[in-house]
Structures are given as structure tokens and as C-alpha cells.
Amino acid sequence: MEKLFKSTRGNQTPIDFYTSILQGIASDGGLLVPDFDFEKKNLEDLLPLNYVDLATEIIGTFAPSDAKEALHTACNQAYGEGLFCDEVVPVKKAGNVYVAELYQGPTAAFKDMALSMLPRMMTLSLKKKGEEREVMILAATSGDTGKAALEGFKDVEGTCIKVFYPIDGVSAIQQQQMVTTTGKNVEIIGIRGNFDDAQSAVKKAFGSKELKELCDEHHIFLSSANSINIGRLIPQIVYYFYSYLTLVKRNEIKLGEAVNFTVPSGNFGNCLAGWIAKNMGLPVNQFIVASNKNNILTDFFTTGTYDARREFYKTNAPAMDILVSSNLERLVWFMVNGDSEKVNKYMEELKETGVYKVDDETLARVQKEFKAGCLGEEDVLKVVHDCWNENKYLLDTHTAVGYGVYEEYVKNTGDTTKTILLSTASPYKFPESVYQALTGEEVDVYTAIEKLHDLTGMEISYPLKGIKDREILHKGVIDRDAILDTIAEKIKEY
Ligand SMILES: *Cc1c(COP(=O)(O)O)cnc(C)c1O
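Let us look at the structure shown here. Treat the numbers as computed from the prediction; the structure is a model and nothing was measured. (Residues numbered from 1 in each chain as written. Predicted model: local features only at pLDDT ≥ 70, side-chain atom pairs only at ≥ 80, totals over all residues. Heavy atoms only, no water.)

Overview of the pairing of strand 15 (residues 419-423)
Phase 1: Most of strand 15 sits inside the fold, with five of its five residues counted as buried.
Phase 2: Here strand 15 shows two buried faces, one formed by Thr419, Leu421 and Ser423 and the other by Ile420 and Leu422.
Phase 3: In this structure, strand 5 (residues 97-101) lies alongside strand 15, joined through five bridges in parallel fashion. Within the sheet, the bridge partner assigned to tyrosine 98 lies in strand 15 and is isoleucine 420.
Phase 4: When strand 10 (residues 259-264) meets strand 15, the two strands line up parallel, connected through three bridges. Across the sheet, the residue bridging to threonine 262 is leucine 421, located in strand 15. (Buried < 20%, exposed > 50% of the residue type's maximum accessible area, 1.4 Å probe, protein only. Helix = DSSP H or I, 4+ residues; strand = E, 2+ residues; numbered from the N terminus. Pairing = 2+ DSSP bridges.)

Examining the layout of surface pockets
Phase 1: Roughly 510 Å³ of internal volume is contained in the second largest pocket.
Phase 2: Considering the residues around the second largest pocket, the lining is formed by 24 residues, among which Gln77, Arg120, Lys154, Asp155 and Val156 are closest to the centre.
Phase 3: Split into classes, the residues belonging to the lining of the second largest pocket amount to eight nonpolar, eight polar and eight charged. (1 Å grid on protein atoms, 1.4 Å probe; cavity = no way out; pocket = protein on both sides within 12 Å on 5 of 7 lines; lining within 4 Å. Points joined across faces, edges and corners; volume = space filled by probe spheres on them. Nonpolar A, V, L, I, M, F, W, Y, C, P; charged D, E, K, R; others polar.)

What to know about the nonpolar core
If you look at soluble globular proteins, the nonpolar side chains tend to sit buried side by side.
Phase 1: Membership of the largest hydrophobic core comes to 111 residues, with the highest contact counts inside it found for Tyr79 and Phe370.
Phase 2: Excluding its chain neighbours within four sequence positions, the residues that come into contact with phenylalanine 370 are Phe268, Cys271, Trp275, Gln286, Phe287, Val289, Phe301, Leu331 and Met335.
Phase 3: With 40 residues, the next largest nonpolar core counts Val97, Tyr409, Ile449 and Ile460 among its residues. (Core = buried A, V, L, I, M, F, W, Y, C linked by side-chain atoms within 4.5 Å. Contact = heavy atoms within 4.5 Å.)

Brief notes about the site of the ligand
Phase 1: Around the ligand, the surrounding shell holds 15 residues, and the nearest of these are Lys111, Gly266, Asn267, Phe268 and Thr424.
Phase 2: In terms of residue class, the shell around the ligand is built from six nonpolar, seven polar and two charged. (Near = heavy atom within 4 Å.)

A short note on the sheet that holds strand 9 (residues 220-224)
Phase 1: The sheet built from five strands is open, its strands ordered 9-6-7-8-16 with parallel pairing. Edge positions in the open sheet fall to strand 9 and strand 16 (477-479), since each of these has one partner strand only. Strand-to-strand twist of the sheet, defined as the mean angle between neighbouring strand axes without regard to direction, takes the value 30 degrees.
Phase 2: Across three bridges, strand 8 (residues 186-192) lies against strand 16 in parallel orientation. Bridge pairing in strand 16 links arginine 192 to aspartate 479.
Phase 3: Running over the sheet, helix 8 (residues 172-179) touches strand 7 (159-166) and strand 8 and is turned about 150 degrees from strand 7. (Axes fitted to C-alpha atoms, helices over the stretch in contact; angles between N-to-C directions.)

Some details on the packing of helix 8 against helix 20 (residues 445-456)
Phase 1: Taken N-terminus to C-terminus, the directions of helix 8 and helix 20 make an angle of 95 degrees; their axes are 9 Å apart at the nearest point. Judged by the angle between their axes, helix 8 and helix 20 are roughly perpendicular. Along its contact with helix 8, which presents Ala172, Ile173 and Gln176, the element helix 20 presents Val445, Tyr446 and Ile449.
Phase 2: Looking at the contact of helix 8 with helix 20, its residues break down into five nonpolar, one polar and no charged. (Parallel < 35°, antiparallel > 145°, perpendicular 65-115°, else oblique.)

Comments concerning helix 3 (residues 51-60)
Phase 1: Extensive coverage of helix 3 is indicated by the burial of eight of its 10 residues.
Phase 2: Among all positions of helix 3, only Tyr51, Val52, Leu54, Ala55, Thr56, Ile58, Ile59 and Gly60 are buried.
Phase 3: In the core, the buried residues of helix 3 are packed alongside helix 2 (43-46), helix 4 (68-80), helix 5 (112-115), helix 6 (118-128) and helix 11 (230-249).
Phase 4: Looking at where helix 3 begins, the residue whose side-chain oxygen comes 3.2 Å from the main-chain nitrogen of valine 52 is asparagine 50. (Polar contact = N/O pair within 3.5 Å; in protein donor to acceptor, adjacent residues only side chain to side chain.)

As for empty space enclosed by the protein
Phase 1: In total, this model carries one cavity of 30 Å³ or more according to the counting rule given.
Phase 2: When its volume is computed, the largest cavity comes out at roughly 30 Å³.
Phase 3: Among the elements that take part in the lining of the largest cavity, helix 11 stands out by supplying four residues, more than any other.
Phase 4: Here the lining of the largest cavity is built from residues that sort into six nonpolar, one polar and one charged.

What follows is the structure, encoded as C-alpha cells:
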């Protein structure tokens, strides 16, 4: 039986795996979700697999059965051939938690886990659908996604990628990472404007009839690499199994013993992938959803009300600064048993009024599996400081949010279930804050990297080594009003 994907809003004819990957977002504005029951995995069978084989097995349960071999090749290119450090996901111990380090990839942050795989799934999908056009990926970024997408798509057959970023809206290190990207099919363009200007122009491009006609003339089509693509979600299921099985192999837990996962969250894609893993047979007791000062998810999980009518804060864990957490729509869909009328109603309310509230039954169901908490900026620094002093384990600010929220959870509940904390970034990716946390001193970003290294002896993540001296390859900067015209120019160059 063919496995199809449908929209959370219920107004798109179900489509196959490959089409879903290429399409990105559902045509009715919803998100694509599986129209089939999750396949239960036998943990014992998975235990001996290395990361590449495990990824093939897990991702393969969502794809047609004849894709196995091609998927294995893709997984090997993504996780086995030198993009990641030797161990794709090392699991370490820090105090009471096990830390699964999801930052060993080419940009030193967790987006690499999926964005190293998505481009390869796109190439595969182009082939399987007999698609002769090339795909142009458009991405607007506030920092992390852009670089991870660039690294993922660079020199990938059948694809090219254009990234737009606000020149005053990303960190110095993120900008330097992007503008020094090599590869013949990548382009990075700065915008005089903010992230929303970039994002809304890119969204407009997807809906533009003129650009569509231009694309047809030049034999290409547009697609997106952001976390609404189901191809971002599926590869993230793998490391939940992997980190669990690592602990089994080390005799830290017994096969079948339930664990908790603590997940620093923003768009909720990471945590949702864990919930899917649970539904595929991974023994999970609780998910602990951790937010920073932008605590809209904490409020949702504690009250059932999602209220976006609030102030937006720029914090020291910027990748989690978010008001509209797009993957939550998928969770709500699952929690109302696929009742797309209900999902439509909630999303309509959110659009019209900025707020929705799920019914009591749904809230009860959500709260059975998810606990949530948040941490302010000062506390984040304190957690980084204390964790280093007590455990000699260096947390980045995002992971520190998770660590602090977990400590609070244990204090409140007394839960002694073994817990895996997902580490979403290298401490060297946000070094000024981490260095400030340890010493109280404020220094510039490159000094912070050096000083952190001197102070802790922790190896500098390979993507950030020598970054200051890399050649700047992309200097283009345009006005925000020129984004659509620029995209049209790029299409014409084909
Ligand atoms: C994207 C990101 C997150 C948030 O992940 P979501 O899947 O959006 O919840 C957390 N930490 C870092 C460092 C990130 O880049």
C-alpha cells in the first residue's frame, strides 16, 4: 500500500513521499502529515546499527519500499562521508543528564541534522518523479537556517540555493559563516531591511504567477528548505532512537526502559520529531519543552491557550526567539486525532485574532506527554556558569535553557527518570554569551572564541576554526523592495 501525506487543514488531495518533499508546504496553507499509522520498530533490531544504517531504516519507513538503496546512499552522503565529526551524535554526561550533542555537523548547530539530508532527498525525489527541471531553493534566514541550508545544498546535483538575510539582523559569526560559503550553486544576498522583510518577500515569490511563468520558461521550479518541510522533520526522528540506543549499549539503561527528553524549542520541529519517535516504539516517559524568555510554548502547554499577542524579545538564545511556532500545528492535528476542521478553526482564529485555545480534552492529552518551562536570560548565563564549574561541561545558551528548565522540573516533580537533553548548538557558535557567563567579561566574538578555548580547553568546532580569516565570496546587498526583482533576475540567468 502506498504511503501518502495529507494536509493538516484537509483541503489537499494526499500526495506521495517524493512530491511532499518537493512541495514543502501543503497547497491549502497547512502542513503535510502522514496519512498512515506510524510503523512500530523493534528496538532489538535497531541496536546494532550505526548512524547511517539507523537513519536509512527510520527514514525508510516513510518512503516507498523501493527507495531503500537510494536512501542508504543519501544517508551515507549526509552522515557518513565527512560532513559530520567522527561520531555523528556523541552522548555525554553532565550532572544528572545525558547530553546528546546534535552540533557535530558543518555549521555547528542542530539544523545540520536535517539540512544535510533534505537536499539529498530532494535530488532523489527529482529523479523518482522524472522531474527534468532543476529546483531553486529560496530561503530567508535570521542566521542558523541559512548557513545550514547552504552547506546542505552546496554542489548538490539538480539544485541551487539563494539565501536572503538582513545585514543588520544576524550575528557577526552567522554573517561570516554565510558570506564565506563555497560551492558553485550557492548565492547569499544581504537585505537592507529586517528578517520579516526577507521572509515575506520569499513567501510572495512562492505565490507569484509571474515568477511561476518565468520558472516554466527557464525549466526550473521554486521550493523551500525551512522547517515546515516534512523532509526536515523525518531525519530528526533518527537521533532520538540513536541517543537512546547508545545508552542501552553502554548499560546506562535497560532496553525498554522509558527515558525523558528535554528539548530546547522554538519552531517545535525538534520536539515533534521526538514525539513521532515515541509513536514508532521508542520508550519515552515525558518530553520537557524548554523555552527562553519568549515563552509562548510554555504558556500553551500549561494553559492550552496559544496567544501570540505579546512582545517579542531578542535574547541570548536567539535561535529560539519565536512567536509563531509553525510545527505546533502538526502536534495539534495529531492531538485532535486528525480532525482538520478543528485545526482549521484554531489556525483561522490565530490568523484573525492572534490567539486560540484548544478544548479541555485536547489539553489533557497534550499535558500527559509534554511538560514545559522557560528560563530568563540571566538564569541562562548562571546555568552555563554553574554547569561548567560543577561538571566541567560547557553548554551553549540554547542548551542551557534546556538544562535549567530540566533542573526546575526535577525540583518540582521529583521525577528520577533518566533524561536525555538535546544539545542544539556548539558553545563556540554563541561564544560572547558563553564567555560572559563564565567570566562576567564582555569581549568581541572572535576574541571570545580564543579565550573560551584557552579557558576550557574544549576543542573549537571545526566549522568555526579560522573563520575570521576566510575569504568573503558573497558581497551582494540589495534594498528590501528589490528582492522579488532579484529573484526574477536569478531565474532568467538559467
Ligand atoms: C532552531 C534551533 C532551535 C529550535 O529548534 P526547533 O526545532 O525550531 O524547536 C534550538 N536551538 C538552536 C541552536 C537552533 O538552531
